[in-house]
Amino acid sequence: MPYKKEKKTPWMRLLLILSVYGAGIILYLAVGVFMEKEGLEFRSWVKWTALFLGYLIPAGTLLGYLIWGIEKLKAGLREVLLVVLVIAVLVLAAGFFLLLFIGALMFPEEKKLDNGLLEVRYATFRETEVYECRSAGLFARTAGRRKVSSKEAENVPEITVSPTPNPTSVPSEEEGANESAKTEQESNPLETPEGSYQVLYDTVLSETYSMSRPGYNAKGNFYSVLEEGTAEYEGRQVPYDITAVYDRKSDDGTSQWFVLYKNYYKETEEETSVMEAEILGGYAVHMETGEVFEREIYW
């Protein structure tokens, strides 16, 4: 007898579609959990693609089966199902635009910076949160470190530039001392926190940390981010970073002191704050020889 191919019923096709759809959702969520443990997250285009597929597949399946039902049913029920189809189209269209709106709030805008990092912007009704992170390939990026929000940017004090002094005027003793100190710092970069830190990073820290992003905190103190991501803190995953922070000059004035911190952050809708700052160690850079040595931290 010739082989007779079994014909799939519409309900079998529906079961197959739902099975593939469910497996795709489980795979996406499982990969997301694994990436979060590794301090990574999906790129924005991956999230948008998952959002569209997650909506369009069930929506398209529903419309397809409604159209199929209109063709198969009798005249009386066909008109009823046609009304249901029109209502479904309107509801799904409204849902699609709502999906675009929610996605715009949830999924950030990405912009590649000149230094190779990704600038990630989360826009809300009240403010815009800006993060910096690194690309981890086509599909992933590192969990970002918060830079500044638009609301905080409004509170940054305005910097005014003092007028250039009259070159014919005679400098005072204080001005002369400042100029002398400035000349010494220019002749010896290790006199500055930035110069001493560069020696510290090139000599010691670069062996452990591949990242170095200098900056200044709200008080104007120098620091540099060496590592960032997510880590377990009190049984849950939270953002963290490791920073080298300039402490001060030694009591004898011969070296610059730095402290390494591991900061755990708490994120809310209003702000991101440090929950705990763990001290990892201390370093000193001799300003004459450039020698780097560890030092104990006493509190």
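Calculation rules
- Residues numbered from 1 in each chain as written.
- Predicted model: local features only at pLDDT ≥ 70, side-chain atom pairs only at ≥ 80, totals over all residues.
- Heavy atoms only, no water.
- Buried < 20%, exposed > 50% of the residue type's maximum accessible area, 1.4 Å probe, protein only.
- Helix = DSSP H or I, 4+ residues; strand = E, 2+ residues; numbered from the N terminus.
- Pairing = 2+ DSSP bridges.
- Core = buried A, V, L, I, M, F, W, Y, C linked by side-chain atoms within 4.5 Å.
- Contact = heavy atoms within 4.5 Å.
- Phe/Tyr/Trp six-rings, centres within 6.5 Å; stacked < 30°, edge-to-face > 60°.
- Lys NZ or Arg CZ within 6 Å of the ring centre and 35° of its normal.
- Axes fitted to C-alpha atoms, helices over the stretch in contact; angles between N-to-C directions.
- Expected span 1.5 Å × (residues − 1).
- Salt bridge = Lys/Arg side-chain N within 4 Å of Asp/Glu carboxyl O.

## Quick look at the pairing of strand β10 (residues 255-267)
In terms of burial, β10 is largely enclosed, as eleven of its 13 residues are buried. One ladder, built from nine bridges, connects strand β9 (residues 236-249) with β10; its direction is antiparallel. Bridged to Tyr246 within β10 is Phe258. The loop that links β9 with its antiparallel partner β10 comprises five residues; one of these, Gly253, has a positive phi angle of about 75°. Two elements, β10 and strand β11 (residues 272-286), share 13 bridges in a ladder whose sense is antiparallel. For Glu267, the partnering residue across the bridge sits in β11 and is Thr272.

## Some remarks on the nonpolar core
Tyr197, Leu200, Leu205, Leu226, Phe258 and Leu260 are the most contacted members of the largest nonpolar core, which totals 22 residues. When contributions to this core are tallied by element, the ones reaching two or more residues are α6 (193-203), β8 (222-233), β9, β10 and β11. No other element matches the five residues that β9 contributes to this core. Those residues in contact with Leu205 that lie beyond four places of it in its chain are Tyr197, Leu200, Leu226, Ala244, Leu260 and Tyr283.

## A word on unusual backbone geometry
Although it is not a glycine, Glu234 adopts a positive phi angle of roughly 55°. Mapped onto the secondary structure, Glu234 falls in the loop between β8 and β9.

## Let's talk about the packing of aromatic side chains
Applying the stated rule across the entire model yields 13 aromatic pairs. When the ring of Tyr246 is compared with that of Phe258, the centres are 5.5 Å apart and the planes differ by 65°; the resulting orientation is edge-to-face. Taken as a pair, Tyr246 in strand β9 and Phe258 in strand β10 lie far apart in primary sequence, twelve residues in all. Classification of Phe258 by relative accessible area gives buried; the value is 0%. Cation over ring: Lys262 sits above Tyr240, and NZ or CZ is 4.9 Å from the ring centre.

## Here's the deal with the sheet that holds β10
Read across the open sheet, the six strands follow the order β7-β8-β9-β10-β11-β12; overall the sheet is antiparallel. Sheet topology places β7 (213-216) and β12 (292-295) at the edges, where each strand pairs with a single neighbour. When the angles between neighbouring strand axes are averaged without regard to direction, this sheet yields 35°. Direction of pairing for β11 relative to β12: antiparallel, over a ladder of four bridges. Bridging from a neighbouring strand, Ala284 pairs with Phe293 of β12.

## Side note on helix α1 (residues 10-37)
Taking 1.5 Å as the rise per residue, α1 with 28 residues should run 40 Å; its terminal C-alpha atoms sit 41 Å apart, in good agreement. Phi for Gly39, located one or two positions after α1, is positive at around 75°.

## What about the pattern of salt bridges?
Applying the stated criterion across every chain yields a total of four salt bridges. Glu228 is the salt-bridge partner of Arg213, the closest N and O atoms lying 3.4 Å from each other. Of this pair, Arg213 sits in strand β7 while Glu228 sits in strand β8, and the two are 15 residues apart along the sequence. Summarising the burial analysis for this pair, Arg213 and Glu228 share the class buried. Residues Asp247 and Arg295 are paired through a salt bridge, measuring 2.9 Å at the closest nitrogen-oxygen approach. Of the two residues, Asp247 sits in strand β9 while Arg295 sits in strand β12, which places them 48 residues apart along the sequence.

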